[in-house]
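Coordinate analysis (summary)
Each chain, written out:
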Amino acid sequence: MPNATSRREKFKSFYTTIRDELLDHIIKEGIPPDAVEWYRKNMDYNLPNGKFNRGTFMVDVIEILQGHPLSEEEYPRAAVLGWCCEFYQAYFLVADDIMDFSITRRGQPCWYRNEEVGMRAINDAFMLEAAIYHLLKVHFRCEPYYADVVDLFHETLYITEMGQLLDLVTAPQDVVDLRKFSLERQNLISKYKTAYSYYFPVALGLTITGIPLPSQVSSSSSNPYEVAKTILMSMGEYYQVQDDFFDFAGPPEKIGKIGTDIVDNKCSWCIVTALNLATPEQRKILEDNYGRKNKECEGRVKEVFEEVGLRRVYAEYEESAVAELRRKIEGVVEGEDGLKKEVFESFLGKIYKRDK
């Protein structure tokens, strides 16, 4: 398998093929040039500048499960699925930035913050989502697994939206109540909002390479989907903790955005961990300053994060979480069900010790 950089670049280069296919379709539908150009700007702004973790992982999964490098004929179909995963992510980020009043994303102003965009971004998010189902229909409608693939996208979108709901009701920006924050609630938000989206590329890969869904086999058979879900849900939760920590500690020029979890009153790993470690005096500072739209208040919260040793606690958490993930991966039994340890090792390699 080529190195990670070359795989990423090959995947990224396929973006223009996907974009132009979508533009050609709406042109043939009679959509006027100004709307076509807007759709192009929407895609070009929100899709090509990400980390491509989900998309490249999707391609890697198919290649690993098939057991051989993808041919020039096989790669485009895998890349289409990978870019569907990226459209899914872009859809949520555009919408999430509006709901969170975020400032920057992927090293540039959030899409809705562009003067000519504003709340048009709501429809733009819907168009990114709708593109997924158009691409799936065009490229996979004749396949026996088409309905299962569409169902996996619907299921993942539904679960992720439940995670967004949990995020919004736990910590509304205009009502700060740190008594509602707990590690259990933070884990629940991570599970629904982030973790499931790292399981579904593997579920897609298993489905299109012919591994029967749990509903299609006897209950006594091994269930590779559940094995994959157990490992990848934990991996997704680890990924979310990384994101939460970077929001506090990562330089904006490195992570591609200005961290806003503190001023947005987010129930993040950082605040729930700090609350568990804080003295009564430090907790009072957090209660008086967290969730306030004020740079001085944000600075006081960050001072407490430093005082309780959040950087050290995060480093310890990361090593413990990764050790447990490696233990789970080592326990995977490779056999007739088609599951391979390399699937999980590949993704862990993408995120362990990442810095953005």
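As shown above, the structure is provided for reference.
As the structure is a prediction and not an experimental result, all values here were calculated from the model. (Residues numbered from 1 in each chain as written. Predicted model: local features only at pLDDT ≥ 70, side-chain atom pairs only at ≥ 80, totals over all residues. Heavy atoms only, no water.)

**What to know about the overall build of the protein**
Applicable threshold: In this text, helices come from DSSP runs of H or I with a minimum length of four residues, and strands from runs of E with a minimum of two, each type numbered from the N-terminal end. With the radius of gyration taken over C-alpha atoms, the globule rule is written as 2.2 Å times the number of residues to the power 0.38. Only protein chains enter the area calculation, which uses a 1.4 Å probe; residues under 20% of their type maximum are buried, those over 50% are exposed, and those in between are partly exposed.
The secondary structure content of the protein amounts to 15 helices and two strands. Its C-alpha atoms give the protein a radius of gyration of 21 Å, near enough to 21 Å, the size a compact globule of 356 residues would have. Taken over the C-alpha atoms alone, the protein extends approximately 65 × 55 × 35 Å along its principal axes. Buried positions account for 52% of the 356 residues belonging to the protein.

**Focus: the packing of helix α4 (residues 53–66) against helix α5 (residues 75–100)**
Put simply, the rule is: Between N-to-C directions, angles span 0 to 180 degrees; the directions come from axes that are lines fitted to C-alpha atoms, helices contributing only their stretch in contact. Between 65 and 115 degrees an angle is taken as roughly perpendicular, under 35 as roughly parallel, over 145 as roughly antiparallel, and anywhere else as oblique. A crossing counts as left-handed when the near helix is turned anticlockwise from the far one by less than a right angle, and as right-handed when that turn is clockwise. Note on contacts: a residue pair qualifies if any of its non-hydrogen atoms lie within 4.5 Å across the two residues.
Between α4 and α5, whose axes approach to 7 Å, the crossing angle comes to 150 degrees. Judged by the angle between their axes, α4 and α5 are roughly antiparallel. For the crossing formed where α4 meets α5, the hand is right-handed. Two secondary-structure elements touch here, α4 through N53, R54, G55, M58, V59 and I62 and α5 through Y75, A78, A79, L81, G82, C85, E86, Y88 and Q89.

**What to know about the side chain of T104**
Note the cut-off: Distance and chemistry together define a polar contact, namely a pair of N or O atoms within 3.5 Å, with one atom able to donate a hydrogen and the other to accept it when in protein, and with adjacent residues in sequence counting only for side-chain atoms on both sides.
Checked against the element boundaries, T104 lands in strand β1 (residues 104–105). Look at T104 and you get buried, because its relative accessible area is 16%. One polar contact links the side chain of T104 to the main-chain amide nitrogen of I258, over a distance of 2.6 Å.

**Observations concerning the pattern of salt bridges**
Operational definition: Whenever a carboxyl oxygen of Asp or Glu lies within 4 Å of a side-chain nitrogen of Lys or Arg, that contact is scored as a salt bridge.
One pass over the structure, following the stated rule, counts 30 salt bridges. Linking D100 and K266 is a salt bridge whose minimum nitrogen-to-oxygen distance equals 2.8 Å. Taken together, the positions of D100 in helix α5 and K266 in the loop between α10 (252–255) and α11 (269–277) put the pair 166 residues apart, joining distant regions of the chain. Overall, the relative accessible area of 6% leaves D100 in the buried class. Look at K266 and you get buried, because its relative accessible area is 9%. Its salt-bridge partner being D177, residue R179 comes within 2.9 Å of it at the nearest N-O pair.

**Re α11**
Counting buried residues in α11 gives seven out of nine residues, a clear majority hidden from the surface. When we look at burial in α11, the residues that qualify are W269, C270, I271, V272, T273, A274 and L275.

Shape is all these values report; function is a separate question.
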